[in-house]
Amino acid sequence: MDSLSSKKYNKDFVDSFNGDHSGDLTSRQTPGVLYSKALPTAVKNPQLIGWSDDLADQLGVEVPSEDDVKVLGGNFVTPTMYPYAACYAGHQFGNWAGQLGDGRAITLGEWLTPKGEIWEFQLKGAGQTPYSRRADGRAVLRSSVREFLMSEAMHYLRVPTTRALGLVTTGDMVMRDMFYNGNPQYEPGAIVMRVSPSFLRFGNFEMLAARKDIANLTKLVNWTIDRYYPHITGEDRVIRWFKEVVEKTAQLIVEWLRVGFVHGVMNTDNMSVLGLTIDYGPYSFLDNYDPEFTPNTTDLPGRRYAFGNQSSVAYWNLGCLANALVPLFETTAPLVEAVESYQNMFWQKYYVMMGNKLGLDEVRDSDLNFINQFEQMLSTVEPDMTIFYQLLSELTSDKITDEDIVIHFKEAFYKDLSLDARAIFLQSMKAWRERINSNRISKEESLKKMSETNPRYILRNYLLHKAIEELERGENQLFLRLQLAMKNPYSRNFDEFFMKRPEWATQKAGCSMLSCSS
Ligand code: AMP
Ligand code: MG
């Protein structure tokens, strides 16, 4: 075990690529470099409020000492750290946005775990960098708690994600206009230490392509493959790598859809080249099953990043990455083919996942229609997605009458069923039962599939909202309890969180809709 403040950090990215080493934190364009040195700006009084024990064990990190908390607050930079902000670009809401970069994230260094894996350690909210543009480089407690709890929750849900190791309050206040209505208020500041094998995004590659810096583009692609895809060798390694990125991205979206996650800001600068969920902002889980739901106020009225659009947006984003890689190829044909392979790959994975959610033994050709109609029913009835699937797995054969069945699902409904909705619902239940009865696996095996695929506890926005309100008052019971429950989302030990969104949370800011202002 090593401590955050005594460990030797590596800096392979820094050593491999051109950077701006001036340490100047003024917002600016930084042509020719892939990162800029950026020392964290010290905060008043860093206090540890969150720590991920299991992750720390996995990484070989000791429980934080006083010096380690200073590291977490950005107040102590050890001699082997080389803090920098990465320069990347991206497409935001479908438009080319030019240079973006880490505006409030600072990488401290890379850490070799006891298992020999390389992980990058980053502070989010540690002050300005050359990429902060007009913003302050800070994060508020609200958004930091959301990233800390949610990235860990996603990991335990078995969704690929960056992780969060520690969370500190800074003792400084940060001004935010939460509703974008000209009423800014001071909120407590906080910093998350997030960790990942890499935070490289599609946008890192797009930036080099936009600069026509083919030498560095080639170098970054090779560096990425060498480090994170070392099994890919040979002359055609770049296209094979890209195909793997396509596959990982398809898998990621399928996992999001499985658990009902809506990212909210799927810009290409928020797309990980390792296929991880990255940059937790105005995300949400679905409560009522509405494919058109977007949690991001900035995403209205277009709903580009709505739940049901996430697969096509990922495809579009992969097109942007492919475009950036064009200079590395003689013709675009292999890239086009790889991007196009997304569709099949996604649907293939998607139906397998849906088959598991529904407890099917396999997905037969005739099941595609059944699954589509089932989803149509969910969009019409809009039950609570998570509760619905739990109740589905508990629908025993003694529930025979229509009334029995509707009552069984009562807890999942947000509204009374219209006559039409009720008929559609009962029809789907009948179809499901018939299909389940034709399974060639036992009832137990079918239930096992369902319980492994359908989480019982998700980190709902209203729960986060309550936990944050409590933390702002200095109480951490709910925060700790949620942290524990989210480590066991498929268990049955935390049924105080097995509850649909309460009525009071329906219209409340932070409970259904969120802004990017964090
Ligand atoms: P996002 O879509 O939230 O991932 O952020 C888009 C861009 O805005 C990234 O370059 C961020 O680093 C930057 N950004 C967001 N919030 C801040 C902030 N408070 N200070 C500086 N930069 C920020
Ligand atoms: Mg981002």
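Within any chain, residue numbers begin from 1 and follow the written order of that chain's sequence. Numbering of ligands from 1 and lettering of chains from A proceed in the order in which they are written. Local features in this predicted model are restricted to residues whose pLDDT is 70 or higher, and side-chain atom pairs enter the listing and the counts only when it is 80 or higher, whereas totals over whole chains, interfaces and linings include all residues. Side-chain numbers come from the whole structure's heavy atoms, not from hydrogens or water.

1. Re the overall build of the chain
Within the chain, the secondary structure is distributed over 16 helices and 13 strands. For the chain, the C-alpha radius of gyration of 23 Å lies close to 24 Å, the compact-globule estimate for 518 residues. In terms of overall dimensions, the chain has C-alpha extents of about 75 × 60 × 45 Å along its principal axes. Of all 518 residues assigned to the chain, the portion counted as buried reaches 58%. As displayed, the chain has an accessible area near 21,100 Å², and 51% of this comes from carbon and sulfur atoms. When charges are counted, neither His nor the chain ends are considered; positive counts come from Lys and Arg and negative counts from Asp and Glu. A single reference atom marks each charge: NZ on Lys, CZ on Arg, CG on Asp, CD on Glu. Measuring between centres, the 55 positive side-chain charges of the chain sit 1 Å from its 65 negative side-chain charges. Going along the chain from the N terminus, every DSSP run of H or I of four or more residues is numbered as a helix, and every run of E of two or more is numbered as a strand. As a reference, a globule follows 2.2 Å times the number of residues to the power 0.38, and the radius of gyration itself is taken over C-alpha atoms. Type-normalised accessible area, obtained with a 1.4 Å probe on protein chains alone, sets the label of each residue: buried when under 20%, exposed when over 50%, and partly exposed for intermediate values. In these tables, accessible area is a Shrake-Rupley quantity obtained with a 1.4 Å probe, and a residue counts as shielded only by the protein chains included in the view.

2. Considering the pattern of salt bridges
Think of a salt bridge as a Lys or Arg side-chain nitrogen and an Asp or Glu carboxyl oxygen that are within 4 Å of each other. Scanning all chains against the criterion turns up 35 salt bridges. The closest approach of N and O atoms between Asp54 and Lys487, which form a salt bridge, is 3.3 Å. Taken together, the positions of Asp54 in helix α2 (residues 53-59) and Lys487 in the segment after α16 (477-485) put the pair 433 residues apart, joining distant regions of the chain. In this structure Lys487 comes out as partly exposed when scored by relative accessible area, which is 26%. For Arg227, the salt bridge goes to Glu110, with nearest N and O atoms at 3.6 Å. Of this pair, Arg227 sits in helix α6 (residues 214-228) while Glu110 sits in strand β7 (residues 105-112), and the two are 117 residues apart along the sequence. Overall, the relative accessible area of 17% leaves Arg227 in the buried class. One network of salt bridges, in which partners are shared, links Asp361, Glu362, Arg364, Asp367, Arg435 and Arg440.

3. A short note on the coordination of the magnesium ion (ligand 2)
The magnesium ion (ligand 2) binds to the protein through Asn270 (OD1) and Asp279 (OD); the donor distances cover 2.0 to 2.2 Å. A single burial state applies to Asn270 and to Asp279, both of which are buried. Counted as coordinating are nitrogen, oxygen and sulfur atoms within 2.8 Å of the metal, or 3.2 Å for Na, K and Ca, while water is not included, which may make sites look incomplete.

4. Brief notes about the packing of aromatic side chains
Under the pairing criterion, centres of Phe, Tyr and Trp rings, with the six-membered ring standing for Trp, must be within 6.5 Å; the plane angle then separates stacked pairs below 30 degrees from edge-to-face pairs above 60, leaving the rest tilted. Within this structure, the stated rule accounts for 36 aromatic pairs. Relative to Tyr342, the ring of Tyr315 lies with its centre 5.9 Å away and its plane at 25°, an arrangement referred to as stacked. Of this pair, Tyr315 sits in helix α8 (residues 310-325) while Tyr342 is found in helix α9 (residues 333-357), placing the two residues 27 residues apart along the sequence. One aromatic cluster is present, built from ring pairs that chain together Phe370, Phe374, Phe388, Tyr389, Phe409, Phe413 and Phe425. Here, a charge over a ring means that NZ of Lys or CZ of Arg falls within 6 Å of the ring centre while also lying within 35 degrees of the ring normal. In this structure, Arg163 is placed above the aromatic ring of Tyr156, and the distance from its NZ or CZ to the ring centre is 5.8 Å. Over the face of the ring belonging to Tyr389 we find Lys357, whose NZ or CZ atom lies 4.2 Å from the ring centre.

5. Some thoughts on the site of ligand 1
One heavy atom within 4 Å of a molecule or strand is enough for the residue carrying it to be called near that molecule or strand. Gly101, Gly103, Arg133, Gly137 and Asn270 are the nearest of the 17 residues found near ligand 1. Think of a polar contact as two N or O atoms within 3.5 Å of one another; within protein, one of them needs to be a possible hydrogen donor and the other a possible acceptor, and neighboring residues in sequence only count if both atoms come from side chains. At a separation of 2.6 Å, an oxygen atom of ligand 1 approaches a polar backbone atom of Gly101. The separation between a nitrogen atom of ligand 1 and a polar side-chain atom of Arg176 is 3.2 Å. Here the nonpolar group is Ala, Val, Leu, Ile, Met, Phe, Trp, Tyr, Cys and Pro; Asp, Glu, Lys and Arg are the charged ones; every other residue, Gly included, is treated as polar. Among the residues forming the shell around ligand 1, the class breakdown is 3 nonpolar, 6 polar and 8 charged. Domain segmentation is taken from an automatic or database assignment of domains. Looking at which domains feed residues into the shell around ligand 1, each of domain 1 (12-199) and domain 2 (203-355) supplies at least three.

6. Digging into the side chain of Ser3
Examined against the element boundaries, Ser3 turns out to sit in the segment before α1 (12-16). Residue contacts for Ser3: discarding those within four places in its chain leaves Glu62, Asp68 and Trp111. Any two residues having at least one pair of non-hydrogen atoms within 4.5 Å are treated as being in contact.

7. What about unusual backbone geometry?
With glycine set apart, most residues show a phi of negative sign, and most peptide bonds adopt trans. Following Leu300, the chain continues into Pro301 via a peptide bond in cis, with omega recorded as 0°. Not every positive phi belongs to a glycine, and Lys212 is a case in point at roughly 60°. Within the element layout of this structure, Lys212 appears in the loop between α5 (202-210) and α6.

8. Topic: the domain arrangement of the chain
Domain annotation for the chain reports domain 1 (12-199), domain 2 (203-355), domain 3 (365-453) and domain 4 (461-505). Taken over C-alpha atoms, the centre of domain 1 sits 22 Å from the centre of domain 2. Taken together, the contact between domain 1 and domain 2 spans 42 residues of the former and 40 residues of the latter. When two parts are brought into contact, each loses some accessible area as probed by a 1.4 Å sphere; the total of that loss over both is the buried area. Buried area between domain 1 and domain 2, summed over both chains or domains, comes out near 3,500 Å², and the portion from carbon and sulfur atoms is 59%. Run the count over domain 1 and domain 2 and you get 3 salt bridges. One salt bridge in this structure joins Arg194 and Asp279, with 2.9 Å as the shortest N-O distance. Counting across the domain 1 and domain 2 interface gives 19 residue pairs in polar contact (both at pLDDT 80 or more). Broken down by secondary-structure element, the contributors of at least two residues to the side of domain 1 that touches domain 2 are α1, β5 (89-92), β6 (95-99), β8 (118-124), α4 (141-156) and β11 (185-196).

9. Description of α16
Buried within α16 we find Leu478, Phe479, Leu482, Gln483 and Ala485. Along the axis of α16, the buried residues cluster in a sector spanning 165°; they form a single face. Those residues of α16 that are buried lie in contact with β3 (47-51), α4, β10 (163-176) and α15 (461-472). Comment: arc refers to directions from the helix axis out to C-beta atoms.

10. Overview of α9
Given a rise of 1.5 Å per residue, 25 residues ought to cover 36 Å, and the 37 Å separating the end C-alpha atoms of α9 matches this to within 8%. Where α9 ends, the next residue or the one after it, Gly359, has phi of about 75°, a positive value. In this analysis, the expected span of each helix is defined as 1.5 Å times one less than the number of residues it contains.

11. As for the packing of α5 against α6
With axes taken as lines fitted to C-alpha atoms, and helix axes fitted only over the stretch in contact, angles between N-to-C directions fall between 0 and 180 degrees. Relative to each other, α5 and α6 sit at 160°, their axes nearing to 9 Å. Here α5 is positioned roughly antiparallel relative to α6, judged by the angle of their axes. In terms of crossing hand, the pair formed by α5 and α6 is left-handed. Residues Asn204, Phe205, Leu208 and Ala209 of α5 lie in contact with α6, whose contacting residues are Asn216, Leu217, Leu220, Val221 and Thr224. Among the residues making up the contact of α5 with α6, the classes are represented as 6 nonpolar, 3 polar and no charged. Just so you know how the angles are binned, under 35 degrees is roughly parallel, over 145 roughly antiparallel, 65 to 115 roughly perpendicular, and the rest oblique. Crossings are assigned a handedness: left-handed for a near helix turned anticlockwise from the far helix by less than a right angle, right-handed for a clockwise turn.

12. Digging into the environment of Asn222
Structurally, Asn222 is set in helix α6. Once the C-alpha coordinates of Asn222 and Val238 are considered, the two residues, 16 residues apart in sequence, prove to be 7.8 Å apart.

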